[in-house]
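Okay, here's what each chain looks like letter by letter:
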Amino acid sequence: MESSDTGEDGPPKYHQANPEPMSDEAKQKDRNFRKKLNRDAREIVSDSIHNKIKLIVHRPDYSIESPQEYISLSKELMPIVREIARKTLPLLEHEISSEFARNQYYGSKFQADSIAYRDFRYFAKKLPPTESPSLVVGLRVDESASMSAFGRLEAAKRAVLAVYEFCQICHIPILIYGDTADASKLEQMSIYAYTDFDKTDSNDRFRLMGIRARSNNRDGMALRIMADRLAVSPQQTKLLISISDGQPKAMEDYTGNYAIKDMQQTIAEYERKGITFLAAAIGQDKDVISHIYGNERFLDITDLKELPTKLVRIIARYL
């Protein structure tokens, strides 16, 4: 498959679908951001079993057909997304903070230990609700070749679009990455950064239309890179959802118990750092995915049509 991104250092291609030509300064910022994503990802995996894997993080552009495809997919989904958001937003507006600001002249909580300072700041009061919910979401999309079967890719794309738009309405930072393995000997792991909370762009919704089935899947490496990005974010709740149709399998020997152990160790490591993992299984290997993630982190998506609504409702529950 041809990519619209030429790799870490090459200049990206810009299509007619872009509303206006990018300035040289904007193009340079894009290149710098892509290089940073590559450096950071390689640093994240440097102490893991994936340290010698040749990795490229792409920042895909979108094609001239992408906006029309987006409109076609969103017609059915947006009423559902807006309705869930409509019910969720009032809860966010009336969110009550449980955190107290100390050393106040007045407040609802007396701080006896502050009397020693004799500055009359003896009270604590609740902090006001934050303007944005304290949640960050990562959505990992398996772009292995088997995703092309039985409508899985279309279901995944619709779910990603629904989650993205819900997060936009509710002002939730979101990271959406796709991944595949063994695109070539020089590119053993490919990450596609469709949206990134460090560089938001209203055209990201069109980039999502580039999600496609490609080659193998090295799940543990993808989870590690995304989980690490979420772990350092300032939000209180960090949710990482993986949409996948099968068990990990990549050359040379990343398969079976070896790959499963890597994924389970990665999940355990980053759960200790505050990451909540969920796996949306949409393929034939549901038993294996359930075994890898554990029943408490496993979503059995039997009806692919339910995937977008289920994921949006799950995210809403974490707010």
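- As annotated in an unreviewed UniProt entry, the protein chain carries the name Nitric oxide reductase activation protein NorD and is attributed to Paenibacillus radicis.

1. Topic: the overall build of the protein chain
Here comes step 1: In terms of helices and strands, the protein chain carries 8 helices and 10 strands.
Here comes step 2: Relative to its full complement of 319 residues, the protein chain shows a buried share of 51%.
Here comes step 3: For the protein chain, contacts bridging at least 24 residues in sequence account for 72% of all contacts bridging at least 6.

2. Focus on the packing of aromatic side chains
Here comes step 1: One pass over the full model with this rule turns up 4 aromatic pairs.
Here comes step 2: Aromatic pair Tyr70 and Phe206: ring centres 5.6 Å apart, planes at 80°, arrangement edge-to-face. With Tyr70 in helix 2 (residues 66-93) and Phe206 in helix 4 (residues 204-207), this pair connects stretches of sequence that are 136 residues apart.
Here comes step 3: The class for Phe206 is buried, based on a relative accessible area of 17%.
Here comes step 4: Ring geometry for Tyr254 against Tyr258: centres 6.3 Å apart, planes inclined by 80°, an arrangement best described as edge-to-face.
Here comes step 5: Following the ring pairs from residue to residue traces out a cluster consisting of Tyr62, Tyr70 and Phe206.

3. Overview of the nonpolar core
Here comes step 1: Ranked by size, the top nonpolar core spans 49 residues in total, and within it Phe166, Ile243, Leu307, Leu311 and Ile315 carry the most contacts.
Here comes step 2: At the level of elements, helix 2, strand 5 (135-142), helix 3 (152-169), strand 6 (174-184), strand 7 (187-195), strand 8 (237-244), strand 9 (275-281) and helix 8 (307-317) are the ones that each hand at least two residues to this core.
Here comes step 3: Here this core takes 11 residues from helix 3, the largest share from any one element.
Here comes step 4: By size, the runner-up hydrophobic cluster in this structure holds 38 residues, among which are Leu223, Tyr254, Met263 and Ile267.

4. Examining helix 3
Here comes step 1: Look at helix 3: 26 Å from first C-alpha to last across 18 residues, which is about the 26 Å you get at 1.5 Å a residue.
Here comes step 2: Burial runs high along helix 3: 15 of the 18 residues are buried.
Here comes step 3: Trailing helix 3 by a residue or two, His171 shows a phi angle of about 60°, which is positive.

5. Topic: the pairing of strand 7
Here comes step 1: For strand 7, the tally of buried residues reaches 8 of 9 residues, placing the bulk of the element in the interior.
Here comes step 2: Bridge count for strand 1 (residues 55-58) against strand 7 is 4 bridges, and the pairing is parallel. Bridging across to strand 7, Val57 finds its partner in Ile191.
Here comes step 3: Pairing of strand 6 with strand 7, which is carried by 7 bridges, proceeds in the antiparallel orientation. Opposite Ala181, over in strand 7, you have Met189 as the bridge partner.
Here comes step 4: Linking two consecutive strands that pair antiparallel, namely strand 6 and strand 7, is a turn of 2 residues.

6. Some points on the state of the cysteines
Here comes step 1: Evaluated as defined, the whole model comprises 0 disulfides.
Here comes step 2: Of all cysteine sulfurs, the one in Cys170 lies closest to Cys167, which takes part in no disulfide; the gap is 7.4 Å.
Here comes step 3: Residue Cys167 is classed as buried on the basis of its relative accessible area of 1%.

7. With respect to the sheet that holds strand 6
Here comes step 1: Strand order across the open sheet formed by 7 strands is 1-7-6-5-8-9-10, with mixed pairing between neighbours. On the outer flanks of this sheet lie strand 1 and strand 10 (298-300), each paired with one strand and no other. Taken pair by pair, the neighbouring strands of this sheet meet at an average axis angle of 20°, ignoring direction.
Here comes step 2: Set on the sheet, helix 1 (residues 24-44) makes contact with strand 1, strand 6 and strand 7; between it and strand 1 the angle comes to about 140°.

8. Points about the side chain of Arg140
Here comes step 1: Position of Arg140 among the secondary structure elements: in strand 5.
Here comes step 2: A polar side-chain atom of Arg140 sits 2.7 Å from a polar atom in the side chain of Asp179.
Here comes step 3: Ignoring any residue separated from it by four or fewer positions in sequence, one finds Arg140 in contact with Tyr177, Asp179, Asn217, Asp219, Ala222, Leu223, Met226, Ile241, Ser242, Ile243 and Ser244.

9. Observations regarding unusual backbone geometry
Here comes step 1: With an omega of -5°, the peptide bond between Met251 and Glu252 qualifies as cis.
Here comes step 2: Topologically, Glu252 is positioned in the loop between strand 8 and helix 6 (256-271).
Here comes step 3: Its identity as a non-glycine residue notwithstanding, Phe150 has a phi of 55°, on the positive side.
Here comes step 4: The exposure class assigned to Phe150 is exposed, which follows from its relative accessible area of 72%.
Here comes step 5: At His171, a position not held by glycine, the phi torsion is positive, near 60°.
Here comes step 6: Its location among the elements puts His171 in the loop between helix 3 and strand 6.
Here comes step 7: For His171, a relative accessible area of 52% puts it in the exposed group.

Reading the values: rules and limits
Residues numbered from 1 in each chain as written. Predicted model: local features only at pLDDT ≥ 70, side-chain atom pairs only at ≥ 80, totals over all residues. Heavy atoms only, no water. Helix = DSSP H or I, 4+ residues; strand = E, 2+ residues; numbered from the N terminus. Buried < 20%, exposed > 50% of the residue type's maximum accessible area, 1.4 Å probe, protein only. Contact = heavy atoms within 4.5 Å. Phe/Tyr/Trp six-rings, centres within 6.5 Å; stacked < 30°, edge-to-face > 60°. Core = buried A, V, L, I, M, F, W, Y, C linked by side-chain atoms within 4.5 Å. Expected span 1.5 Å × (residues − 1). Pairing = 2+ DSSP bridges. Disulfide = S-S within 2.5 Å. Axes fitted to C-alpha atoms, helices over the stretch in contact; angles between N-to-C directions. Polar contact = N/O pair within 3.5 Å; in protein donor to acceptor, adjacent residues only side chain to side chain.

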